[in-house]
Structures are given as structure tokens and as C-alpha cells.
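Here is what each chain is made of, one letter per residue.
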Amino acid sequence: MQYEYTFYFANPLHFLLNFYAMKKIFSITAIILVLTAVFAYFHVNQRLSAVSLNEKTVILEIPKGSSPTKVLQILHEKGVWTDDLAFNLWCKLNKPALKAGWYEVPAHQTLDELTELFESGKSAVRKVTIPEGRASWEIPAYLKKSFPDLDTARWNKLVQDPKFAHSLGIEGNSLEGYLLPDTYPFAINSDEESILRQMVAANFKVRDEMKQRKGSKWETLGNWHRVLTLASVVEEETGIPDERPLIAGVFHNRLRIGMPLGADPTVRFIFKNLTGPIYKSQLNSDSPYNTRKFPGLMPGPISNPGRKAIEATLFPDKTEALYFVAKDDGSHTHFFSTNLADHNKYKDVAAKNRGEKK
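Residues numbered from 1 in each chain as written. Predicted model: local features only at pLDDT ≥ 70, side-chain atom pairs only at ≥ 80, totals over all residues. Heavy atoms only, no water.

Focus on the overall build of the protein chain
At step 1: Per the secondary structure count, the protein chain includes 15 helices and 6 strands.
At step 2: Counting over 358 residues, the protein chain shows a buried share of 39%.
At step 3: Restricting the contact set of the protein chain to residue pairs at least 6 apart, pairs at least 24 apart contribute 61%.
At step 4: Accessible surface for the protein chain amounts to roughly 21000 Å². Of this, 55% is attributable to carbon and sulfur atoms. (Helix = DSSP H or I, 4+ residues; strand = E, 2+ residues; numbered from the N terminus. Buried < 20%, exposed > 50% of the residue type's maximum accessible area, 1.4 Å probe, protein only. Contact = heavy atoms within 4.5 Å. Areas by Shrake-Rupley, 256 points an atom, 1.4 Å probe, with all protein chains shown as cover.)

Description of a negative patch on the surface
At step 1: Residues D112, E113, E116 and E119 make up a contiguous surface patch of negative charge.
At step 2: Checked against the element boundaries, E113 lands in helix α4 (residues 111-120).
At step 3: For E113, a relative accessible area of 34% gives the class partly exposed. (Patch = residues over 30% accessible without salt bridge, like charges linked within 9 Å, V, L, I, M, F, W, Y side chains within 5 Å. Salt bridge = Lys/Arg side-chain N within 4 Å of Asp/Glu carboxyl O. Lys, Arg positive; Asp, Glu negative; His and termini not counted. Charge placed at Lys NZ, Arg CZ, Asp CG, Glu CD.)

Points about the side chain of T313
At step 1: Turning to its location among the elements, T313 is positioned in helix α14 (residues 307-314).
At step 2: Reaching out from T313, the side chain makes a polar contact with the backbone oxygen of A309 at a distance of 2.8 Å.
At step 3: Discounting residues that sit within four places of it in the chain, T313 has contacts with K217, L221, V227, L230, A231, V234, A248 and H252. (Polar contact = N/O pair within 3.5 Å; in protein donor to acceptor, adjacent residues only side chain to side chain.)

Structural notes on unusual backbone geometry
At step 1: If you check the backbone angles, K95 has positive phi at about 45° while not being a glycine.
At step 2: As for its position among the elements, K95 is in the loop between α3 (84-94) and β2 (101-105).
At step 3: With a phi close to 55°, H108 is a non-glycine residue in the positive phi region.
At step 4: Mapping H108 onto the fold places it in the loop between β2 and α4.
At step 5: What makes H108 partly exposed here is its relative accessible area of 38%.

Brief notes about the pattern of salt bridges
At step 1: Using the criterion set out here, one finds 12 salt bridges in the structure.
At step 2: Its salt-bridge partner being R213, residue E311 comes within 3.0 Å of it at the nearest N-O pair. Of this pair, E311 sits in helix α14 while R213 sits in the loop between α8 (192-211) and α9 (218-221), placing them 98 residues apart in sequence.
At step 3: R213 gets classed as partly exposed once you look at its relative accessible area, which sits at 36%.
At step 4: The partner of D286 in a salt bridge is K293, with the nearest N and O atoms 2.5 Å apart.

Quick look at the environment of L255
At step 1: Structurally, L255 is set in helix α11 (residues 244-257).
At step 2: For L255, a relative accessible area of 25% translates into the label partly exposed.
At step 3: Considering only alpha carbons, one finds L255 and L297, 42 residues apart in sequence, at a separation of 7.9 Å.

Structural notes on the packing of aromatic side chains
At step 1: Counted by the stated rule, this structure contains 10 aromatic pairs.
At step 2: Centre to centre, the rings of Y184 and F186 are 5.1 Å apart; their planes meet at 15°, and the pair counts as stacked. Each member of the pair, Y184 as well as F186, is classed as buried.
At step 3: With a centroid separation of 5.5 Å and an interplanar angle of 20°, the aromatic rings of W218 and W224 are classed as stacked.
At step 4: We classify W218 as buried; its relative accessible area is 13%.
At step 5: Among the aromatic side chains, those forming a connected cluster through ring pairs are W137, F269 and Y289.
At step 6: The ring of F204 carries R207 above its face, with NZ or CZ at 4.1 Å from the centroid. (Phe/Tyr/Trp six-rings, centres within 6.5 Å; stacked < 30°, edge-to-face > 60°. Lys NZ or Arg CZ within 6 Å of the ring centre and 35° of its normal.)

Digging into helix α2 (residues 68-77)
At step 1: Within α2 the residues assigned to the buried category are V71, L72, I74 and L75. Projection of α2 onto a plane perpendicular to its axis shows the buried side chains occupying an angular sector of 160°, all on one side. Across α2 from its buried face, at more than 90 degrees, point the exposed residues T69 and E77.
At step 2: Looking at the buried side of α2, the elements it contacts are β1 (58-62), α3 and α4. (Arc of directions from axis to C-beta.)

Describing the nonpolar core
At step 1: Within the largest apolar cluster, 51 residues are counted, with the highest numbers of intra-cluster contacts made by L143, W155, L175, M199, W224, F251 and I310.
At step 2: Listing elements by their share of this core, those giving two or more residues are α6 (152-159), α7 (162-167), β4 (183-187), α8, α9, α10 (224-237), α11 and α14.
At step 3: At 8 residues, α8 tops the list of elements feeding residues into this core.
At step 4: In this structure, I310 is in contact with L180, V206, M210, W224, V227, L228, A231 and P305, ignoring residues within four places of it in sequence.
At step 5: With 20 residues, the next largest nonpolar core counts V58, L75, C91 and L117 among its residues. (Core = buried A, V, L, I, M, F, W, Y, C linked by side-chain atoms within 4.5 Å.)

Focus on the side chain of N304
At step 1: With respect to the helices and strands, the residue N304 is situated in the loop between α13 (280-283) and α14.
At step 2: Relative accessible area serves as the criterion here: at 1%, N304 is assigned to the buried category.
At step 3: Within the structure, the side chain of N304 is placed 2.8 Å from the backbone nitrogen of G177, a separation counted as a polar contact.
At step 4: The residues contacting N304, other than those within four sequence positions of it, are E132, G133, R134, A135, S136, I139, L175, E176, G177, Y178, L179 and P181.

Some thoughts on the environment of N304
At step 1: As for N304 and S136, which are separated by 168 residues in sequence, their C-alpha atoms are 7.2 Å apart.
At step 2: Here the side chain of N304 touches E176 through a polar contact of 3.2 Å, side chain to side chain.

Next up, the structure:
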């Protein structure tokens, strides 16, 4: 039997034409694929490098147990981020550990910056400065500027709650004196109780620091409660930091010999009479806080002393002085004396400085 074979290469020209055609198709396809890949890379990279949409700082909360999908939903609602693909892709590539909390998201954040913020767990805060020497009932006025919903009634109730005070390790029956004046970074979701706890903790930190320092009057006063009690009077008697150790020295002298402290601010505390004249009826009050009438320390602080007043109380100047009176000459300083006769003379000078006539 005779077989006939058709040899494909019988026509070389036909083969070459088909070969080059296929090669051209493959080349064009490869170029298209490369260009598509390059375009996709730059497009995705551009989306991953985009910044958040918020034009100003946005405050948001990420609840506990939130998945990346939940976080993306929150970002949508707050107008921070709307590119689902970019966010989901970023999370799949980087697997960030997003933590619950309140956050302040600055304007125009990248995905890297956003996820770094949410991984930090760093809560959004409001900084509030509490001045030295304010009584507990005065402090809400400073807090309300940053926490307008703060409940003053609940604040005062907690301050005066002996059970709450004892739960914090306070020796007295209220928080008066234990709310350390300072500039605080309060978490944005802080309430009355959390703010009070933070301020008391700051006070105890100063206590622990002072207790380690040698040469103080700690043993003379007996405990931290009595230290704060005297420090609150020192705080209220002068606004001049350099005078505090000398005034503290006078009060230590009076306590040592059983002489009443004779501090008008303690009378003001009884009646919450922070300014204006003190009346004779008030000076005759039988309140144990009336140091014009009774010797020794009061039951507790009359305000919240700052670090400098506490230091002055524990490390007073050595002095023989038993008296002091405001000069009333605009300097806000005092005359100091060791005896009543000189003290009365200085009182006359102060009266003249005020323009009073005999």
C-alpha cells in the first residue's frame, strides 16, 4: 500500500507568516498585560497612598471587638474614608491590630497613619488646667469648658461621699484637698468619677514622692491628710510662691505652742464666702474649721493645694515669727513679726497703705 504524506513544512513561506503573526499577537498581548499590570499597580498604589477626606480633626469611637469592616463603616459615617477597596486591601496586606477606644483623627491622614493611630490605643484627650487652691466645688467650672455635660451635682456628691473617699485610700471623709491642681490630659469620654480618680491618683503620686525626701515635717504632722490640711491653709494665705515656706514656718510655730492658726481662709471655707468682708458672726462660728477660734488643725483641707504649697508645708523656713499681715501696698506680700506689739504696728502700716484714717 502506498501512503501519501502531507508535510506541513512543504510551504516555508506559509509557516513563517503564521509564526510571525502568532509572535506578534503574543507580543501585543504581553504588552497589554504589562501595561495593564503597571496601570493597576499605580492605580492601586495611588488609592493606597490617598489621604482621608476629613478637612478638620474628627473624634470617633471604635467599640470593643470591632472588625476592620466595622471600623470602615465608622469611617464612612464620620466622613473620614470611603474607599472600601483600598482600606480592605490595606488591612489584608498589613493585618493591623485595631484597638477599641476614642480617637482624634487629624485631617488628611494616610491609611498608614490611620491604622497606626488605631493600633496605638491612644485615646483622644482634652487638656484641662486646674489652678492651685481651688475648692472642690469650684473645679467643675474649669472642667465644663471641655466637658459641657459634666454633672456638677454628681461631682459634689462624689466629693463628699465618705465611702467613695475611703475606696480611693483617702483618710478623710471627702476628696477635698486630694484633687491635685495640674494640667491634665483627660480622656474624651471621661465622666465625673474617672476625673476624680485621676486627680486623686496624681495627688498620691506627689505623696509617694514627698515621703521619700528626707528632712521633712512628715512625722511632726503625722500623716498625709494633716499635711494636705495645713498645705491648704498655706496655699490660701499667699499667692507669692517665695513666701509660702515662711508662712508655713509661722503655722508650724503656732501649732507647736498650741496657738490658733488664726487663718481667715478657714472661716471663708465654712460659709463658702470666697471674697468680700468676713463678719463678726462668722468669726464666732463654732465650726471646727474656725481656726480663728480653735487651736490646732481643722478636720480636713479647705481647698486643693498645689505641689509648691505642699513642699512649703513639709519643708518650711526656720523662723521665730508668729504673726504676719498683708502689706496691702500692691506687692501682695506680708509683714512678719515675732510678737504682738510689732504685729499691731504692721497692721497700722497696712491700714495706711489701704488709705484708711485713724
